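Commentary on secondary and tertiary structure
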Amino acid sequence: MKKKHIETTLIHHGYDAAQHKGSLTPPLFQTSTYTFETAQQGEESFAGYDSAYIYSRLGNPTVELFEERMAALEEGEAALAFGSGMAAISGTLLAFLKAGDHIICSNGLYGCTYGFLEVLEEKFAITHTLCEMETEEEIKSSIGPNTKIIFVETPINPTMKLIDLELVVKVAKQHGLLVIVDNTFCSPYLQRPLTVGCDIVLHSATKYIGGHGDVVAGVTICKTKELAEKIRPIRKDVGGIMAPFDAWLLLRGLKTLAVRMDRHSDNAEKIAAFLRNHELVEDVWYPEGMLANKQMKRGGGVLSFTVKGGKMEAQAVMDNLKLIAIAVSLGDTETLIQHPATMTHAVIPKHVREQMGISDNLLRLSAGLESWEDIVRDLAHALQKEKTALS
Ligand SMILES: *Cc1c(COP(=O)(O)O)cnc(C)c1O
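Residues numbered from 1 in each chain as written. Predicted model: local features only at pLDDT ≥ 70, side-chain atom pairs only at ≥ 80, totals over all residues. Heavy atoms only, no water.

1. Description of the domain arrangement of the chain
Accessible area lost when the parts come together is the quantity often used to give the size of an interface. Heads up, the condition is: Note: domain ranges come from an automatic or database domain assignment. The contact definition used throughout considers only heavy atoms, calling two residues in contact when any of these lie within 4.5 Å. When two parts are brought into contact, each loses some accessible area as probed by a 1.4 Å sphere; the total of that loss over both is the buried area. The salt bridge definition used is simple: a Lys or Arg side-chain nitrogen within 4 Å of an Asp or Glu carboxyl oxygen. Any pair of N or O atoms that falls within 3.5 Å is considered a polar contact. Within protein, one atom must be able to donate a hydrogen and the other to accept it, and sequence-neighbouring residues count only if both atoms are side-chain atoms. Counting from the N terminus, the helices are DSSP H or I runs at least four residues long and the strands are E runs at least two residues long.
In terms of domains, the chain is made up of domain 1 (6–254) and domain 2 (257–390). Once you take the C-alpha centre of each, domain 1 and domain 2 turn out to be 27 Å apart. Taken residue by residue, the interface counts 37 residues in domain 1 and 42 residues in domain 2. Summed over both sides, the interface between domain 1 and domain 2 buries roughly 3,300 Å², with carbon and sulfur atoms accounting for 63% of that surface. Remark: the boundary between domain 1 and domain 2 carries two salt bridges. Residue Lys 294 pairs with Glu 166 through a salt bridge whose shortest N-O separation is 3.3 Å. In this structure, the connection of domain 1 to domain 2 is made through 18 residue pairs in polar contact (both at pLDDT 80 or more). If you list the elements that add at least two residues to the side of domain 1 that touches domain 2, you get helix 1 (6–12), helix 5 (111–124), helix 7 (165–174), helix 8 (187–190) and helix 10 (244–255).

Next up, the structure:
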């Protein structure tokens with residue numbers, strides 16, 4: 001069968017209404033456990049002789065439909081859903097690392113991902129090296145005898161710097177390293193790392209996958225079934241599973257992912273253009289250029305900018321906003337703004353933060369789905385008010 005376009009896969013993949021009494025939307029299996037017909041069937045299920053459902057920490061039909069759809073979208077063979085993006089990241093890393101191992105990461109990571117790396121170091125002597133990953137030589141020079149994984153965020157949160165996935169894959173292949181990509185900022189609609197040779201993709205599904213700010217969830221998608229089977233026992237025993245209702249909400253969110261991502265990108269482009277021309281704005285970071293064109297369909301909905309001055313001036317601009325909400329998270333229908341140095345990235349020590357390019361006057365904005373003109377008017381008003389206060 002010819003492969004469907006992503007817009008169709010988002011809505012239909014893996015679901016047959018005829019098998020569910022004609023229900024157009026997938027049913028929600030809100031159950032913790034499953035009954036066996038006989039004691040013998042129970043024995044056989046536990047022995048692994050049949051694929052019957054046993055208990056929802058081990059498997060649930062609603063969660064599995066979400067997993068199947070995510071695997072198709074990222075063009076992987078299998079996916080595993082988790083209770084949060086951090087459960088996906090920690091569960092996936094734990095599956096492939098043991099005491100004394102080493103991991104190379106992009107120089108710029110989600111704050112709690114960085115926090116988890118510190119936990120790994122403290123408890124298991126698993127060390128990490130932050131790397132710009134701009135050249136082959138630089139990546140190679142970070143590799144040691146115990147290096148197992150290259151972990152990449154692109155675009156990097158919140159500096160929006162891009163990492164060349166093909167370059168990372170090339171070096172990783174030469175050294176037998178696993179490449180794991182946090183694809184939260186793009187969603188599979190804008191970037192599919194497995195198609196350029198990466199091994200594992202993971203998401204905070206809380207963001208664009210859900211898209212409505214009402215779920216905290218995560219998912220890991222693997223290039224092969226074998227990789228997924230290494231993670232599955234960790235998920236079962238650590239227990240960071242996804243709730244069936246959350247999977248149901250995410251399946252609903254996915255249906256509109258393509259239209260949402262295009263509108264998020266339209267709005268972010270317009271907002272970036274406005275900010276670039278504003279005298280109170282120093283720099284605007286939004287993915288564009290050759291590398292963006294090579295590996296991303298569009299720039300996405302997140303952008304960052306620095307306000308002239310320092311922390312006080314940046315926070316004053318936030319406080320002047322009326323429509324745009326002050327909140328962490330991203331990918332929601334509402335436009336959100338936050339101050340990384342004191343919010344999402346506050347756990348990272350100041351000197352590391354600065355080396356990552358997260359200054360005190362940096363703001364991160366997640367463009368929502370409102371009218372871009374209303375968003376820009378809100379920003380214009382907030383910046384004008386700050387300008388007046390300064391003069
Ligand atoms: C939010 C986020 C995470 C963590 O996900 P949770 O669902 O909050 O646990 C990880 N990576 C990135 C890039 C994120 O934005």
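2. Re the pairing of strand 12 (residues 362–366)
What counts, and what does not: The buried label applies to any residue whose accessible area, calculated with a 1.4 Å probe on protein chains only, is under 20% of its type's maximum; exposed applies above 50%, and partly exposed to all values in between. When DSSP finds two or more bridges between two strands, those strands count as paired.
In terms of burial, strand 12 is largely enclosed, as five of its five residues are buried. In strand 12, alternate side chains face the same way, and those of Leu 362, Arg 364 and Ser 366 on one face and Leu 363 and Leu 365 on the other are all buried. Looking at chain direction, strand 9 (residues 302–307) and strand 12 are connected through five bridges and run antiparallel. Opposite Val 302, over in strand 12, you have Ser 366 as the bridge partner. When strand 11 (residues 336–338) meets strand 12, the two strands line up antiparallel, connected through three bridges.

3. Focus on the sheet that holds strand 11
Just so we agree on the cut-off: To define axes, lines are fitted to C-alpha atoms, for helices over the stretch in contact only, and angles between the resulting N-to-C directions are given on a 0 to 180 degree scale.
Pairing within the open sheet is mixed, and its five strands lie in the order 8-9-12-11-10. Edge positions in the sheet fall to strand 8 (281–285) and strand 10 (325–326), since each of these pairs with one other strand and no more. Helix 11 (residues 257–276) rests against strand 8, strand 9 and strand 12 of the sheet, and its axis sits at about 15 degrees to strand 9.

4. Section: the site of the ligand
As a reminder of what qualifies: When we say a residue is near a molecule or strand, we mean one of its heavy atoms is within 4 Å of it. Where accessible areas are quoted, they stem from the Shrake-Rupley method and a 1.4 Å probe; at the residue level, only the protein chains shown are allowed to cover.
The ligand sits among 13 residues. The nearest are Gly 85, Asp 182, Ser 204, Thr 206 and Lys 207. Between the ligand and Asp 182 there is a distance of 2.7 Å, counted from a nitrogen atom to a side-chain nitrogen or oxygen. Thr 206 has a polar side-chain atom sitting 2.7 Å from an oxygen atom of the ligand. When the ligand sits alone it has 380 Å² of accessible area, and the protein chains cover 92% of it.

5. Regarding a nonpolar patch on the surface
For the record, the criterion: What goes into a patch is any residue over 30% in relative accessible area without a salt bridge, connected to like charges within 9 Å or, for nonpolar side chains (Val, Leu, Ile, Met, Phe, Trp, Tyr), within 5 Å.
A cluster of nonpolar side chains, namely Leu 94, Phe 124 and Val 238, defines an oily patch on the protein surface of about 260 Å² accessible area. Relative to the helices and strands, Leu 94 is located in helix 4 (residues 85–96).

6. A short note on the sheet that holds strand 2 (residues 102–106)
In spatial order, the strands read 1-7-6-5-4-2-3; together these seven strands make up an open sheet with mixed pairing. Edge positions in the sheet fall to strand 1 (78–82) and strand 3 (127–131), since each has one partner strand and no second. With direction set aside, neighbouring strand axes in the sheet form an average angle of 20 degrees. Where strand 4 (residues 147–153) meets strand 5 (residues 178–182), five bridges bridge the pair, whose relative direction is parallel.

7. Quick notes on the nonpolar core
Inside soluble globular proteins, nonpolar side chains tend to come together where they are buried. Stated precisely, the cut-off is as follows: We define the nonpolar core as a collection of buried residues of types Ala, Val, Leu, Ile, Met, Phe, Trp, Tyr and Cys that are connected through side-chain atoms lying within 4.5 Å of one another.
Phe 66, Met 70, Ile 221, Met 242, Leu 250 and Leu 254 are the most contacted members of the largest nonpolar core, which has 39 residues in total. Of all the elements, helix 3 (residues 61–74) adds the most residues to this core, at six residues. Two domains each put at least three residues into this core: domain 1 (6–254) and domain 2 (257–390).

8. Thoughts on unusual backbone geometry
A cis amide bond, omega -5 degrees, links Thr 154 with the succeeding residue Pro 155. Of note, the amide linkage connecting Asn 157 to Pro 158 takes the cis form, showing an omega dihedral of 5 degrees. A positive phi is found at Met 160, a non-glycine position, where the angle reads about 65 degrees.

9. Side note on the packing of aromatic side chains
To keep it simple, the criterion reads: Pairs were defined over the aromatic rings of Phe, Tyr and Trp, the Trp ring being its six-membered one, requiring ring centres within 6.5 Å. Orientation was assigned from the angle between planes: stacked under 30 degrees, edge-to-face over 60, tilted for the rest.
This model, assessed by the stated rule, comprises three aromatic pairs. Aromatic pair Phe 245 and Trp 248: ring centres 6.0 Å apart, planes at 15 degrees, arrangement stacked. With Phe 245 and Trp 248 both in helix 10 and three residues apart, the pair spans about one turn of that helix. Exposure remark for Phe 245: the relative accessible area of 39% places this residue in the partly exposed category.

10. A look at the environment of Ile 54
One can find Ile 54 in the loop between helix 2 (39–46) and helix 3. For Ile 54, a relative accessible area of 15% translates into the label buried. Separated by 21 residues in the primary sequence, Ile 54 and Thr 33 have C-alpha atoms spaced 6.2 Å apart. Contact partners of Ile 54, with chain neighbours within four places excluded, come to Thr 33, Tyr 34, Phe 36, Ser 45 and Phe 46.

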